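Residue-level listing of the chains:
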Amino acid sequence: MLKMSNISKVYRTELVETHALRELDLHVDEGEFVAVTGPSGSGKTTFLNIAGLLESSTSGLYELDGEDVSQLNDSKRSRIRNEKVGFIFQSFNLIPDLNLADNVDVPLRYRGWSGAERRKAVGDMLDLVGLGSRQNYLPSQLSGGQQQRVAIARALAGKPRFLLADEPTGNLDSEMAGIVMRLLESINAEGTTIVMVTHDPDLAHRAHRNIHILDGRASDVMSAVTPNVTPMPEREAVRV
């Protein structure tokens, strides 16, 4: 699903040259749930931006779903990102003036789907995360855990092959973090490839595999036994 070979990223100003990634080699197989760890400033965010086609590398080869995407222009990166990649952010990034249904619908408007197709996708995804009955709520009327579940619904509505999660439980208490993790595990069990950046070693241990980034280089630090994921019993059960 994802293969990076000798990826380097250098940020240059008139006075400073910063090497964010140094000949990074990393692969993620289709259907894996991979946790990426590392200290602040290690290169995790840069890796995530390149993996999600938000920026390009300075050098190296990046293949996503079998396609070389290393040197694509902005419009081609945007097209592939919209078709294949979903994003979940620590800060949720919901639009406060839009209700839940409209928040989930926003990225679908760029895909050329009909109104009926979009409404079905929005309803299905909000049902999946246990918030189907709250489509007309505003984000401010939800808890942090519920807002993150809306963000997950938004990321999944376009049926991405590949999901990038940047500290998806970082702003949640332990109970809400557990709910979100069980949801991600359930989504992964259905076949979606997930790469999750996290500082929490307990959450990282629940992934199939851990990749540690330090000084811009990556290494496998653990090959965990695939966790025994218990599917969420009922959609209503995830409500809080």
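Now for a quick tour of the structure. (Residues numbered from 1 in each chain as written. Predicted model: local features only at pLDDT ≥ 70, side-chain atom pairs only at ≥ 80, totals over all residues. Heavy atoms only, no water.)

### Here we look at the nonpolar core
- Counting 38 residues, the largest nonpolar core has Leu 126, Ile 152, Leu 184 and Met 196 as its most contacted members.
- If you list the elements that add at least two residues to this core, you get strand S3 (33-37), helix H3 (100-105), helix H4 (115-128), helix H5 (144-156), strand S7 (162-166), helix H6 (174-189), strand S8 (193-197) and helix H7 (201-205).
- Tallying contributions element by element places H6 first for this core, with 7 residues.
- Counting residues in each nonpolar core, the second largest holds 28 residues, with Met 4, Ile 50, Leu 64 and Ile 213 among its members. (Core = buried A, V, L, I, M, F, W, Y, C linked by side-chain atoms within 4.5 Å. Buried < 20%, exposed > 50% of the residue type's maximum accessible area, 1.4 Å probe, protein only. Helix = DSSP H or I, 4+ residues; strand = E, 2+ residues; numbered from the N terminus.)

### Examining unusual backbone geometry
- A positive phi angle is found at Leu 53, which is not glycine, with a value near 60 degrees.
- Turning to its location among the elements, Leu 53 is positioned in the loop between helix H1 (44-51) and strand S4 (59-64).
- For Leu 53, a relative accessible area of 2% translates into the label buried.
- Positive phi, close to 70 degrees, is recorded for Phe 92, a residue that is not glycine.
- When you line up the elements, Phe 92 lands in the loop between strand S6 (85-89) and H3.

### Brief notes about the packing of aromatic side chains
- Considering all chains together, one arrives at 1 aromatic pair under this definition.
- Pairing Phe 87 with Phe 89 gives two aromatic rings, centres 5.9 Å apart and planes at 5 degrees, and the pair type is stacked.
- Among the residues examined, Phe 89 registers a relative accessible area of 28% and is labelled partly exposed. (Phe/Tyr/Trp six-rings, centres within 6.5 Å; stacked < 30°, edge-to-face > 60°.)

### Some words on the layout of surface pockets
- Empty space within the largest pocket amounts to approximately 530 Å³.
- Taken together, 23 residues form the lining of the largest pocket, with Arg 81, Asn 82, Val 85, Phe 87 and Pro 107 sitting closest to its centre.
- Secondary structure elements with two or more residues in the lining of the largest pocket: helix H2 (74-84), S6 and H5.
- The leading source of residues in the lining of the largest pocket is H2, at 5 residues. (1 Å grid on protein atoms, 1.4 Å probe; cavity = no way out; pocket = protein on both sides within 12 Å on 5 of 7 lines; lining within 4 Å. Points joined across faces, edges and corners; volume = space filled by probe spheres on them.)

### Section: the sheet that holds strand S5 (residues 67-68)
- In space, the 4 strands of this open sheet follow the order S2-S1-S4-S5, with antiparallel pairing throughout. Strands at the two margins of the open sheet, each flanked by one partner only, are strand S2 (17-28) and S5.
- One ladder, built from 2 bridges, connects S4 with S5; its direction is antiparallel. When the sheet's bridge partners are listed, Leu 64 is paired in S5 with Glu 67.
- Strands in contact with H1 are strand S1 (2-12), S2 and S4; relative to S1, the strand with the most contacts, it is inclined by about 120 degrees. (Pairing = 2+ DSSP bridges. Contact = heavy atoms within 4.5 Å. Axes fitted to C-alpha atoms, helices over the stretch in contact; angles between N-to-C directions.)

### Concerning empty space enclosed by the protein
- Throughout the structure, instances matching the rule amount to 1 cavity of 30 Å³ or more.
- Estimates place the volume of the largest cavity at around 30 Å³.
- Around the largest cavity, the lining residues are Ile 50, Leu 53, Glu 55, Ser 56, Ser 57, Tyr 62, Val 69 and Ser 70.
- Looking at the lining of the largest cavity, its residues break down into 4 nonpolar, 3 polar and 1 charged. (Nonpolar A, V, L, I, M, F, W, Y, C, P; charged D, E, K, R; others polar.)

### Observations concerning H6
- The end-to-end C-alpha separation of H6 is 22 Å, in line with the 22 Å expected for 16 residues at 1.5 Å each.
- By the criterion of burial, H6 is predominantly enclosed, with 12 of the 16 residues buried.
- Every buried residue of H6 is accounted for by Met 176, Ala 177, Gly 178, Ile 179, Val 180, Met 181, Leu 183, Leu 184, Glu 185, Ser 186, Ile 187 and Asn 188.
- The opening residue of H6, the one whose side-chain oxygen lies 3.2 Å from the backbone nitrogen of Glu 175, is Asp 173.
- Positive backbone phi, approximately 120 degrees, marks Gly 191, located one or two places after H6. (Expected span 1.5 Å × (residues − 1). Polar contact = N/O pair within 3.5 Å; in protein donor to acceptor, adjacent residues only side chain to side chain.)

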